[in-house]
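# Fold and geometry: a report
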Amino acid sequence: MQQQPQAVLDMLRSLVSSSSSSRGTSYVEARYQARSFSEVNFANGRLERVRMVENAGCGIRVLVDGCWGFSSSASMSKEDLKESLVQAVSMARVLGRSKKNKVKGLAESKMARGTFVAKAKGDLAGIDIEQKVRVAREAEAAARKHAKGIKTASATYRDMLDHKVIANSDGAEVEIFDSKPEFNVTAVAREGAKSVTASEGIGITGGWDDLFKKGHLEYAQVAAEKAAKLLQAKYATGEKTTIILDPGMVGLLCHEAIGHTVEADFVLSGSVVKDKIGQKVASDLVTLVDSGRSDIAENAAGTIGVDDEGVEAGRTAIIEKGILKSFLHNRESAFAFGTASTGNARAFTYTDEPLIRMRNTYIEPRADTLDEIVKETKHGYLVKGARNGQADANGEFMFGAQEAYLIENGEVKELMRGASISGNAFDVLRSIDMVGSKFEYDIGTGYCGKYQPAKVDGGGPHVRCTAIIGGMQ
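## So, the pattern of salt bridges
Within this structure, the stated rule accounts for 33 salt bridges. The partner of glutamate 48 in a salt bridge is arginine 46, and the shortest N-O contact between them spans 3.3 Å. In this structure glutamate 48 comes out as partly exposed when scored by relative accessible area, which is 44%. Ionic pairing is found between aspartate 275 and lysine 276, a salt bridge with its closest N-O pair at 3.9 Å. Under the relative-accessibility criterion, aspartate 275 is labelled exposed at 51%. Lysine 276 gets classed as partly exposed once you look at its relative accessible area, which sits at 28%. Residues joined in a network through salt bridges with shared partners are Glu39, Arg49, Arg51, Arg158, Glu182 and Lys455.

Shown next, in the form of structure tokens:
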């Protein structure tokens, strides 16, 4: 059951204060979180899933003799929270008997205080489930009936409304209200043995009106048209060549192939960038940022005002004009590196411990228009629509794309399907020679899956680079 904010803060403040003075802890953190989640899925004319889930509870993390202890409780009674605190302290002490690499300290940080509310037009709490069912039903039907070749379709709506209260022994006292909806339509075109799947969606931080600035039927139309066109397209042929990445592909590259290599916990495990701060790792045209704010464009899905350690989540320039400037830190890694926390400690639910996670990761825009970039390309591909992807700690990656358009002599030619791009992410960043001016976030429908889910986003302008394009996914 959701609690009254002031009562929760008073309770957490009292809990943190009592532990700091009597249990040998050097740090105590208490996070209350209440989440309301709803989901609707239509597939092939049938309502396959509709659910609304509410949960609430408190996660308690302590630092005792250089070891973390964590416990969570779905009960907010004083007695149960005190018992949960005792368990967290006990676990830290048990761990301390065997752990060799202990926490050396936490970087001093300005602790956030006050209330942080996500900007939202159209409060999701005021949208009834029937309205969510209606948009999913209408979009699925519109996609399925859009063209003769579309055989199946699905439409999914989800939203998460979070209310958090965080207090810790270093002075953080914050209340957070967050709102993250998403909508996605998938269409499958089939002809004989040929089959193509295409999707179109949006995931944001914001409200109902922010989500549907573009109508729900437009997402259906775009998904169905892409699937129908791709069914008749040839497969791309493999070659190392000039590639123009759309904002979604840029976001995927920034997040999967670059962002994870600069998360400080991965750096400490030996990532490819571990000794490269201050070195040139990309073209002069590249400034790559991870930000808790929705910079440049509104409603980015990974937007957070404050991280789960109570540190304000601002802008971090990872790469600035080609030079590696910063890793992404929580307070523990920041102390180890002798720097400040970048506000990247995030926990998905109250039952999760905060980990170093990205927020909105992107390349900043410059001056070129897409038309100018295409016109300056003698041979190559315009690659659009981020799909799945994988990358390793060395920056080697392979990402799927929904569409690839052949470019010859400065003109966009035929559509190709089944395209993927691959290479080393830092080689790709060094090869960037044109950066567009129009910026978008475009991977907000996805979740990052590092041990626990996290809502993230990424994007940028169109960029021109060199990479390997492959076919036949």
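## A short note on the nonpolar core
Counting 46 residues, the largest nonpolar core has Leu245, Leu253, Leu288, Ile319, Val383 and Leu429 as the members making the most contacts within it. Among the elements of the structure, strand 9 (239–245), helix 6 (247–258), helix 7 (264–268), strand 11 (315–320), strand 16 (379–391), strand 17 (396–408), helix 10 (425–431) and strand 25 (463–470) are those that each provide at least two residues to this core. Of the residues forming this core, the biggest block, seven residues, is contributed by helix 6. With near-sequence residues (within four places) excluded, leucine 245 lies in contact with Val250, Leu253, Val383, Ile421, Pro461, His462, Val463 and Cys465. If you look at the next biggest cluster of nonpolar residues, it comprises 40 residues, including Ala136, Phe183, Ala223 and Ile407.

## Some words on the sheet that holds strand 10 (residues 288–291)
The strand order 12-11-10-15-24-21 describes an open sheet built from six strands, whose pairing is mixed. Of all the strands in the sheet, just strand 12 (323–324) and strand 21 (440–441) have a single pairing partner and so form its edges. Strand direction decides the pairing type here: strand 11 and strand 12, joined by two bridges, are antiparallel. Bridge pairing links glutamate 320 to isoleucine 323 in strand 12. Sitting on the sheet, helix 6 is in contact with strand 10, strand 11, strand 15 (360–363), strand 21 and strand 24 (457–460), with an inclination near 125 degrees to strand 24.

## Looking at unusual backbone geometry
Phi is mostly negative for residues that are not glycine, and the peptide bonds are mostly trans. The phi angle at isoleucine 296 is positive, at roughly 70 degrees, despite the residue not being glycine. The residue asparagine 299 is not glycine, and still its phi comes out positive at about 70 degrees. Relative to the helices and strands, asparagine 299 resides in the loop between strand 10 and strand 11.

## Some remarks on the environment of valine 250
Its place among the elements puts valine 250 in helix 6. A sequence separation of 92 residues divides valine 250 from arginine 158, and the C-alpha atoms of the two residues are 25 Å apart. Once you skip the residues sitting within four places of it in the chain, valine 250 turns out to touch Leu245, Ile363, Gly459, Gly460, Pro461 and Val463.

Cut-off values and rules
- Residues numbered from 1 in each chain as written.
- Predicted model: local features only at pLDDT ≥ 70, side-chain atom pairs only at ≥ 80, totals over all residues.
- Heavy atoms only, no water.
- Salt bridge = Lys/Arg side-chain N within 4 Å of Asp/Glu carboxyl O.
- Buried < 20%, exposed > 50% of the residue type's maximum accessible area, 1.4 Å probe, protein only.
- Core = buried A, V, L, I, M, F, W, Y, C linked by side-chain atoms within 4.5 Å.
- Helix = DSSP H or I, 4+ residues; strand = E, 2+ residues; numbered from the N terminus.
- Contact = heavy atoms within 4.5 Å.
- Pairing = 2+ DSSP bridges.
- Axes fitted to C-alpha atoms, helices over the stretch in contact; angles between N-to-C directions.

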